[in-house]
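Fold and geometry: a report
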Amino acid sequence: MALQDWIALAQGHAGAALLLSLVDSGEADAAGDDAVRLTHGRTAALSQAEARRLELPPSCALTLFLSHDAPLSEPTFRLDLDWLRTDGQRLFGPAPRYPAPER
């Protein structure tokens, strides 16, 4: 469907109306004649209501948090990961530590 035909569709589909409004505001780009492209950041910033309008799956209640304590090139490099709840609390106990592979 050509993007220009989305206007008629937007009257009956809240998701199409949302995408057209994002294109109009410059928050999304028309990608060819039949698609709209959102940046990763804008997609991540969609509210729950906007995501439902676009018929996307619900967001995850967890955030993967990665950190390190040395540059990747150093032998002491370690990657730490935590799964955090929306309140910032860890899902599990102490964070696992993953050492750099042997060289």
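The present account deals with the structure reproduced in this document. (Residues numbered from 1 in each chain as written. Predicted model: local features only at pLDDT ≥ 70, side-chain atom pairs only at ≥ 80, totals over all residues. Heavy atoms only, no water.)

1. A closer look at the nonpolar core
Grouped together as the largest cluster of nonpolar side chains are 11 residues: Trp6, Ala10, Ala16, Leu18, Leu19, Leu20, Leu22, Ala28, Val36, Leu38 and Leu46. Only α1 (6-10), α2 (14-25) and β2 (36-38) provide two or more residues apiece to this core. Here the element with the most residues in this core is α2; it accounts for five residues. (Core = buried A, V, L, I, M, F, W, Y, C linked by side-chain atoms within 4.5 Å. Buried < 20%, exposed > 50% of the residue type's maximum accessible area, 1.4 Å probe, protein only. Helix = DSSP H or I, 4+ residues; strand = E, 2+ residues; numbered from the N terminus.)

2. Considerations on the side chain of Arg42
Among the structural elements, Arg42 can be located in helix α3 (residues 40-44). Relative accessible area serves as the criterion here: at 15%, Arg42 is assigned to the buried category. Within the structure, Arg42 has its side chain in polar contact with the side chain of Glu27 (distance 2.8 Å). For Arg42, the contacting residues outside a window of four places in its chain are Leu22, Glu27 and Glu50. (Polar contact = N/O pair within 3.5 Å; in protein donor to acceptor, adjacent residues only side chain to side chain. Contact = heavy atoms within 4.5 Å.)

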